[in-house]
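Results of the structural survey
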Amino acid sequence: MQVTPEGEGVLFVCSNSSEIPEAELPRIFEKFYRIPKADRWEHGGTGLGLALVKQLVEHMGGQISVSSAEGWTHFRVWLPSAPPAATAKSLEPAGAA
């Protein structure tokens, strides 16, 4: 994993040696979506992992993207250095003003 300061935030890049077919890329962040016949280790799963990660990243004011080619898949997550005002406010202890 690479972590690099970028603009007003931090960029995380995580790569693995498994290619996702281009036709499947638009759907991998959907809840319960699993790439057909792609689990060669038969580990199973619910298809919720990437959907939850995307929701969390967006809630924190960040962005997530994926690219896949030549036997590799790269996930890029950018998070702001400071949380957006709405998120920061929701993290305050109860009764704080």
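This structure is a prediction, so every number in the text was calculated from the model and none was measured.

**Examining the environment of Ile-64**
Along the chain, Ile-64 turns up in strand β3 (residues 63-69). Measuring from C-alpha to C-alpha, the distance between Ile-64 and Trp-78 comes to 6.5 Å, with 14 residues separating the pair along the chain.

**Quick word on the environment of Val-66**
Mapping Val-66 onto the fold places it in strand β3. When the C-alpha positions of Val-66 and Val-13 are compared, they lie 9.6 Å apart, and in sequence the two are 53 residues distant.

**Description of unusual backbone geometry**
Positive phi outside glycine occurs at Phe-32, with the angle close to 65 degrees. With respect to the helices and strands, the residue Phe-32 is situated in the loop between β2 (9-16) and α1 (49-59). Judged by its relative accessible area of 58%, Phe-32 is exposed. Phi at Glu-70 takes a positive value of approximately 50 degrees, unusual for a residue other than glycine. With respect to the element layout, Glu-70 can be found in the loop between β3 and β4 (72-80). According to the relative accessible area criterion, Glu-70 is exposed, its value standing at 78%.

**Here's the deal with the environment of Asn-16**
Within the fold, Asn-16 resides in strand β2. Overall, the relative accessible area of 35% leaves Asn-16 in the partly exposed class. For Asn-16 and Trp-72, which are 56 residues apart along the polypeptide, the C-alpha to C-alpha distance reads 5.7 Å. If we ignore the near neighbours within four places in the chain, the residues touching Asn-16 are Gly-71, Trp-72 and Thr-73.

**Side note on the nonpolar core**
If you look at the biggest cluster of nonpolar residues, it comprises ten residues: Ile-20, Leu-25, Ile-28, Phe-29, Val-57, Ile-64, Val-66, Phe-75, Val-77 and Leu-79. Mapped onto this core, the elements with two or more residues apiece are β3 and β4. Examining the composition of this core, we find that three residues originate from one element, β4, more than from any other. Beyond its immediate sequence surroundings of up to four residues, Phe-75 is in contact with Phe-12, Val-13, Cys-14, Ile-28, Phe-29, Leu-50, Ser-65 and Val-66.

Rules used in this analysis
Residues numbered from 1 in each chain as written. Predicted model: local features only at pLDDT ≥ 70, side-chain atom pairs only at ≥ 80, totals over all residues. Heavy atoms only, no water. Helix = DSSP H or I, 4+ residues; strand = E, 2+ residues; numbered from the N terminus. Buried < 20%, exposed > 50% of the residue type's maximum accessible area, 1.4 Å probe, protein only. Contact = heavy atoms within 4.5 Å. Core = buried A, V, L, I, M, F, W, Y, C linked by side-chain atoms within 4.5 Å.

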